[in-house]
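Coordinate inspection notes
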Number of protein chains: 2
Amino acid sequence: MSNQGFWKSLENQPQGTQFPWAEVLEQLVFNEQGLITAVAQQHDTGEILMLAWMNRQAIEITLQEGQVCYWSRSRHKLWRKGESSGQVQRLKALKIDCDGDALLLQVDQQGPACHTGRRGCFFYEVRDQSVTIQTDPLISPDQLYAKS
Amino acid sequence: MSNQGFWKSLENQPQGTQFPWAEVLEQLVFNEQGLITAVAQQHDTGEILMLAWMNRQAIEITLQEGQVCYWSRSRHKLWRKGESSGQVQRLKALKIDCDGDALLLQVDQQGPACHTGRRGCFFYEVRDQSVTIQTDPLISPDQLYAKS
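Residues numbered from 1 in each chain as written. Chains lettered and ligands numbered in written order. Predicted model: local features only at pLDDT ≥ 70, side-chain atom pairs only at ≥ 80, totals over all residues. Heavy atoms only, no water.

1. Observations concerning the sheet that holds strand β6 (residues 89-96) of chain A
The test is simple: One bridge is not enough; two strands pair if DSSP finds at least two bridges between them. The helix count covers DSSP runs of H or I at least four residues long, the strand count covers runs of E at least two residues long, and both are numbered beginning at the N terminus. Here, axes are lines fitted to C-alpha atoms. For helices the fit covers the stretch in contact, and angles between N-to-C directions go from 0 to 180 degrees. Contact definition: two residues touch when any of their heavy atoms are within 4.5 Å.
Reading across from one edge, β1(A)-β9(B)-β8(B)-β6(A)-β7(A)-β2(A)-β3(A) is the order of the seven strands in this open sheet, with mixed pairing throughout. The two strands at the open ends of the sheet, each matched to only one other strand, are β1 (18-20) and β3 (48-54) of chain A. Strand-to-strand twist in this sheet, taken as the mean axis angle between neighbours without regard to direction, amounts to 30 degrees. Lying over the sheet, helix α1 (residues 3-11) of chain A contacts β1 and β6 of chain A together with β8 (124-127) and β9 (130-133) of chain B, oriented at roughly 95 degrees with respect to β8(B).

2. Some remarks on the nonpolar core
Here is the rule we go by: As used here, the term nonpolar core means buried Ala, Val, Leu, Ile, Met, Phe, Trp, Tyr and Cys residues forming a set that is joined through side-chain atoms within 4.5 Å. Using a 1.4 Å probe on the protein chains alone, a residue whose accessible area is under 20% of its type maximum counts as buried, one over 50% counts as exposed, and one in between counts as partly exposed.
Formed by 74 residues in total, the largest nonpolar core has its most connected members in Met54(A), Tyr70(A), Met54(B) and Tyr70(B). Of all hydrophobic cores here, the second largest spans 16 residues; its members include Val39(A), Leu51(A), Ala102(A) and Ala102(B).

3. A short note on the side chain of Gln106(A)
Residues and elements named next belong to chain A. The cut-off we apply is this: Within 3.5 Å is the distance limit for a polar contact, defined as a pair of N or O atoms, with the added protein rule that one can donate a hydrogen and the other accept it, and that residues adjacent in sequence qualify only through two side-chain atoms.
Within the element layout of this structure, Gln-106 appears in strand β7 (residues 102-109). The exposure class assigned to Gln-106 is buried, which follows from its relative accessible area of 16%. Within the local environment of Gln-106, its side chain forms a polar contact with the side chain of Lys-95, the two groups lying 3.1 Å apart. Setting aside chain neighbours within four positions, we find Gln-106 in contact with Gln-41, His-43, Arg-90, Leu-91, Lys-92, Ala-93 and Lys-95.

4. As for the relation of the copies chain B and chain A
How we decide: Least-squares fitting of one copy onto the other uses the C-alpha atoms of those residues that reach a pLDDT of at least 70 in both copies.
Superposition of chain B onto chain A requires a rotation of 180 degrees combined with a translation of 0.0 Å along the rotation axis, giving an RMSD of 0.0 Å. A rotation of that kind, with that shift, is consistent with a two-fold axis. Scanning chain B for the C-alpha nearest the rotation axis identifies Gly46(B), at a separation of 2.4 Å.

5. Side note on the interface of chain B and chain A
Here is the rule we go by: We define buried area as the total accessible area lost by two parts upon association, computed with a 1.4 Å probe and summed across both. One speaks of a salt bridge when a side-chain nitrogen belonging to Lys or Arg is within 4 Å of a carboxyl oxygen belonging to Asp or Glu. Think of it as three bins: nonpolar holds Ala, Val, Leu, Ile, Met, Phe, Trp, Tyr, Cys and Pro, charged holds Asp, Glu, Lys and Arg, and polar takes everything else, Gly as well.
Tallying the contact residues gives 54 residues for chain B and 54 residues for chain A. Interface area, chain B with chain A, both sides summed: about 4700 Å², of which 59% is carbon and sulfur. Contact with chain A buries area across many residues of chain B, yet Phe122(B), Tyr124(B) and Val126(B) alone supply 15% of it, more than any other trio. Where chain B packs against chain A, one counts two salt bridges. Counting the contacts that link chain B with chain A gives 34 residue pairs in polar contact (both at pLDDT 80 or more). Class assignment for the residues of the side of chain B that touches chain A results in 27 nonpolar, 15 polar and twelve charged. Bridge analysis of strand β8 (residues 124-127) of chain A against strand β6 (residues 89-96) of chain B gives three bridges, and the strand direction is antiparallel. In the strand pairing of β6(B), Tyr124(A) is matched with Ile96(B).

6. Observations regarding the pattern of salt bridges
Per the counting criterion, the structure on display carries 16 salt bridges over all chains. A salt bridge links Glu11(A) to Lys8(A); the nearest nitrogen and oxygen atoms lie 2.9 Å apart. With Glu11(A) and Lys8(A) both in helix α1, this residue pair falls three residues apart, about one helical turn. A relative accessible area of 7% means that Glu11(A) is categorised as buried. A salt bridge links Arg73(B) to Asp101(A); the shortest N-O distance between them is 3.1 Å. Here the residue Arg73(B) occupies a position in the loop between β4 (69-72) and β5 (77-80), and Asp101(A) occupies one in the loop between β6 and β7, the pair thus bridging two chains. Here Arg73(B) falls in the partly exposed class, since its relative accessible area comes to 40%. The network of salt bridges with shared partners includes Glu26(A), Arg56(A) and Glu60(A).

7. Looking at α1(A)
We count it as follows: What the arc measures is the spread of directions leading from the helix axis to the C-beta atoms.
Inspection of α1(A) places Phe6(A), Trp7(A), Leu10(A) and Glu11(A) among the buried residues, and these make up the whole buried set. An end-on view of α1(A) places all buried positions within 130 degrees of arc, on one side of the element.

8. A look at the packing of aromatic side chains
Our working definition: The pairing test for Phe, Tyr and Trp rings, Trp by its six-membered ring, is centres within 6.5 Å, and the orientation test on the planes gives stacked under 30 degrees, edge-to-face over 60, and tilted for anything in between. By definition, being over a ring means that NZ of Lys or CZ of Arg is both within 6 Å of the ring centre and within 35 degrees of the ring normal.
Scanning the entire structure with this criterion turns up eight aromatic pairs over all chains. Measuring from centroid to centroid gives 4.4 Å for Phe123(B) and Tyr124(B), while their planes differ by 40 degrees, and the two rings are tilted. With respect to burial, Phe123(B) and Tyr124(B) carry one shared label: buried. An aromatic cluster is built from Phe6(A), Trp7(A), Phe123(B) and Tyr124(B), whose rings are joined through pairwise contacts. Here Arg118(A) stacks its cationic end above the ring of Phe123(A), 3.9 Å away from the centre of that ring.

Here it is as structure tokens:
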């Protein structure tokens, strides 16, 4: 069965239906680089913190350790969020979308999620032909990365 | 200046700083297929509705029409959300992330966002080696697409 067929076969089941994670993991849709998009959301406020990428190992580490691990596309390695800044993301819930090609991480983010020291990464707003910076850093990047 | 240099040059500016959208648009980071990831969030509840993709034209149409238009990777064409289901997404705010390679669409979603008839697409939750369906459809897909 193709990945697509797998996800189609699941979607008509009612709320509460369970499937073995080991089987579902095999059917996640990774891109050509072996990556899947992951959106991180603060679990209680609903704020979108960041968008990043995971490979299979990053997902397994995240579930095992209860703290989010991504794949860094720029550094080409596993990236335990907060490993250099101390600003970890504790995993509250991991969700998969209808066609198995995106993840939602509901987390408890310690301090800023963004490398600029801002709480979240989506701080540019487009409106009326202008882009406006919406937030200031909680802490300067110099201070944030001085710990490492 | 590289895209990366452009985004670096912006991020140290204070809250309220404005840039011309026409210039920023030129620096958005699209992938090899000319696409950028877009996360749709219900503007008032914070619920994550779906993750999809946009090309440059889809972004321009979305801003112009005030209703979200994506690029359908399966159908290889522009996809005005709700064109076959009637479940449109009215744009409330369009945000860009720190490195210019992801968009956050804060929207007012009419009815279900998901093709399964569920409110949102992230209805599978992974926990304790199981995956559980968290929600039921608001409306059956047959009914949803009967209108088209």
